[in-house]
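What follows is each chain in one-letter form.
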Amino acid sequence: MKYTYQPVIGLEIHVQLATATKIFCSCSTDYIGAEPNTNVCPVCLGLPGALPVLNGKAVELGIKAAMALSCTVKDKTVFHRKNYFYPDLPKAYQISQYDLPLAEGGELFISGDGDTLKRIRITRLHLEEDAGKLVHSAADGRLEGAEFSFVDYNRGGVPLAEIVSEPDLRSPGEAREYVTSLRRLVRYLGVSDGDMERGSMRVDANISLQKTDSATGEILYWGERSEIKNMNSLRAIERALEYEIRRQIGVMEAGGALERETRHWNDGEGTTTSMRSKEAAHDYRYFPDPDLPPIEASPSLLEKVRSSLPEMPWVREMRFRNEYLLPEADAALLAETMPLAEYFESCVRSGASPARVSNWVRTEVLRVLNERSISIDAFPMRPQELGSLVRLVDEQKLSTTAARETFNAMIEKGLSLEKALDASGGVGGKLSGDALADTVRAVLASAPDVVAEILGSKDEKGKKKKFLIGLVMKEARGQADAAVVGELIEKMLNAKP
Ligand SMILES: [Zn+2]
C-alpha cells in the first residue's frame, strides 16, 4: 500500500503588547538594554502584600488584535493564577487566563494555492504577564569551575497576548506564512512591534503527522505531537518544522513510538532535542486571581476599539492590486507596514502614476532606508515631494536619470524639490540653443587630446566622437538630444582652423 505523511501544525504565539508600562504595575516595559532589575517594583517582584492593578491599555490592545482576527470578544473574562515554581517567576505563579479568555473563535487568512486564500482558524486570544529572564554564565573567577545563573526581572510583568491557532497548517511554509501574516497584522494595528529577534513575538509550534493511504486518503495512523520551542526567526520556524517532520517520519518508519513531549530547537545545530515528556507535564492548579476583578468589556469600550481599527493589510494589498494595477509581489511589499503603505498612497494622491511611484518607493526609497537603517517615518523626503518629482517624469519634463540625480541631491544635501531642480538646471525640457552649445564647447575644451585625435583622422569608427557625446550628455544630466549634440560637435570641429 502506498502512503504519505501529512503534517498537522498548530501555533501558539506570544505577542508583546505595545504599552509603555507593565500589565499590573507602572514599571516601564522598555527592558531591552536596561540595567538588570531596574524596571521593577514590589508588584512585579512579587513581594508580599503588593496588589496588581490592570493596565487598561493592554486590554484595549488585546481587544484590537482579537477584533482584527474576527474573534468574539467576551463581555466578561477572568484572570487566573497559573502556579509553577521557577526562579524567573518570583510570585511562583503567573497571572494568565484559563477557561475564560479575552476572545475566542477567530480566523486569519494566508495565501493558498494560486489565487485562493486559505483560512486558518484562531482558537483563542488571552492576556498574561511575561516572566523574568534567566542568564546562565560560566565562572567569573569567584568560584573555580562553577557556573552561575542570574535573574533579571525587568521583563517580568510585561503584557503579552497569546494567540493560539487550530491545527490547520499543513506545511512548514504555511506556518511561516501564518506568522508573517500575523506579524504584519499586529504591526498594522500598532498592537506590537512584532520583532522576533528581540523576543516581542515568540512562536511555539505543535506538530504531529498523519499517516494516510495515498489512494483513499484514509488516516492509517496518527502520530503523537511534539511542541517545539525556541524558534527566533521565520527561517528557524521553517527549519525546525522541516527537521521535526523528518525526525518523526524516521521514528515511525523504524516502528518506534512517538511520545508527546516538548522539544527545544537548536538553531546552530539544526536539530530539536527533548526538554520534557508528557509524564513530566505540569499541573498548574489554575484558580481565579482573588486580587483582580473580572474584566468587563463595555459596549462603549468595544465601540471605541472597533472604530480605531485601520484598513486590514490584506484588504489594502488587494486594493493596491485592483485600484493601482500593481503586481501581487509589489502590492504585498508596499502593504507590508502601514507607514510604508501610507507613504506610497500619499505619493500617488499627489497625482503621480501609481506604477512609477511603486517603482521609486520599492527601489530608491527602500535603498535609502536600508543604507541608513532607518524606518520610513524618518525618511527625509515628504511623499508630496516624491510625488511631484515622479510627476515630472510622468509628464516627460524630466528624464529618469535627471530625476534620480534630483532625488539624490534632495536626500544627500537635504534640498527641497525646487532647490534641487534649480541646482540641476531646472525643468522645462532639454538643453538646447546657446546653453547646449556652451556645454559642448566646454566639453571640447576639456578634452583637447581627444579632439586632436579626431582632427588627425584617427577616429575611423566614430568611437571618440561617441565618447565626446557621452561627456556632453553627462554634463547635461541626460537632458539633451544626442543627435543634436553629435551635429554640434561635428560643426564645431569642422569650424576649427
Ligand atoms: Zn513593577
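Calculation criteria
Residues numbered from 1 in each chain as written. Predicted model: local features only at pLDDT ≥ 70, side-chain atom pairs only at ≥ 80, totals over all residues. Helix = DSSP H or I, 4+ residues; strand = E, 2+ residues; numbered from the N terminus. Rg over C-alpha atoms; globule rule 2.2 N^0.38 Å. Contact = placed C-beta atoms within 7 Å. Pairing = 2+ DSSP bridges. Core = buried A, V, L, I, M, F, W, Y, C linked by C-beta atoms within 7 Å. Buried ≥ 20, exposed ≤ 12 C-beta atoms within 10 Å, placed from the backbone. Domains from an automatic or database assignment. Expected span 1.5 Å × (residues − 1). Axes fitted to C-alpha atoms, helices over the stretch in contact; angles between N-to-C directions. Parallel < 35°, antiparallel > 145°, perpendicular 65-115°, else oblique. Left-handed = near helix turned anticlockwise from the far one by under 90°. Nonpolar A, V, L, I, M, F, W, Y, C, P; charged D, E, K, R; others polar.

Take the overall build of the protein next. Along the backbone of the protein there are 15 helices and 17 strands. In terms of overall size, the protein is more extended than a compact globule, its C-alpha atoms giving a radius of gyration of 31 Å where 497 residues would be expected to give roughly 23 Å. Oriented by its inertia axes, the alpha-carbon framework of the protein measures out at about 105 × 60 × 60 Å. Partitioning the intrachain contacts of the protein with sequence separation of at least 6 by distance along the chain shows that 68% fall at a separation of at least 24.

In terms of strand pairing, strand β1 (residues 3-16) meets strand β11 (residues 201-213) through 13 bridges, oriented antiparallel. From the neighbouring strand, Tyr5 faces β11, where its bridge partner is Lys211. In this sheet, strand β12 (residues 219-222) lies alongside β11 in antiparallel orientation, the contact comprising three bridges. Each bridged residue has a counterpart across the sheet, and for Lys211 the counterpart in β12 is Tyr221. The hairpin turn running from β11 into β12, its antiparallel successor, is five residues long, and Gly217 in that turn takes a positive phi close to 80°.

Let's shift gears to the nonpolar core. By size, the foremost hydrophobic cluster in this structure holds 62 residues, and its most contacted members are Ala65, Ala66 and Leu125. Setting aside anything within four residues of it in sequence, one finds Ala66 in contact with Cys71, Val73, Leu102, Ala103, Gly106 and Leu125. In this structure, Leu334, Val348, Phe379 and Met410 belong to the second largest nonpolar core, which totals 30 residues.

Next up on the list: the domain arrangement of the protein. Looking at the assigned domains, one finds that the protein contains domain 1 (3-304), domain 2 (311-423) and domain 3 (433-495). Distance between the C-alpha centres of domain 2 and domain 3: 36 Å.

Once that is clear, we can look at the pairing of strand β4 (residues 80-83). Sheet analysis places β4 next to strand β5 (residues 93-96), joined by four bridges and oriented antiparallel. Bridge pairing in β5 places Arg81 opposite Ile95. The sheet contact formed by β4 and strand β16 (residues 287-288) spans two bridges and is antiparallel. When the sheet's bridge partners are listed, His80 is paired in β16 with Pro288.

This next bit is on the sheet that holds β4. In space, the three strands of this open sheet follow the order β5-β4-β16, with antiparallel pairing throughout. The sheet terminates laterally at β5 and β16, the two strands that pair on one side only.

Another point: helix α7 (residues 338-349). In a regular helix each residue adds 1.5 Å, so twelve residues correspond to 16 Å; α7 covers 16 Å between its end C-alpha atoms and thus fits that length. Positive phi shows up at Gly351, right after α7, with a value of about 105°.

Attention now goes to the packing of helix α2 (residues 172-189) against helix α3 (residues 234-253). Two elements in contact, α2 and α3, have axes whose closest approach is 9 Å; the angle formed by their N-to-C orientations is 155°. By the angle between their axes, α2 is roughly antiparallel relative to α3. Relative to α3, α2 is oriented so that their crossing is right-handed. Here α2 contributes Pro172, Gly173, Ala175, Arg176, Val179 and Thr180 to the contact with α3, which in turn contributes Leu234, Ile237, Glu238, Leu241 and Glu242. Across the contact of α2 with α3, the residue classes tally to six nonpolar, two polar and three charged.

Further remarks concern unusual backbone geometry. Glycine aside, the phi torsion of most residues is negative, and most peptide linkages are trans. Residue Asn37 is not a glycine yet carries a positive backbone phi of 55°. Tracing the chain through its elements places Asn37 in the loop between β1 and α1 (56-68). Non-glycine residue Ser373 carries a positive phi angle of around 50°. Locating Ser373 in the fold gives a position in the loop between α8 (354-372) and α9 (383-394).

Let us now look at the packing of α1 against α2. Taken N-terminus to C-terminus, the directions of α1 and α2 make an angle of 130°; their axes are 10 Å apart at the nearest point. The angle between the axes of α1 and α2 places the two elements in the oblique class. The crossing of α1 and α2 is right-handed. On α2, the residues that touch Lys64, Ala65 and Ala68 of α1 are Leu185, Val186 and Leu189. Along the lines of polarity and charge, the residues of the contact of α1 with α2 split into five nonpolar, no polar and one charged.

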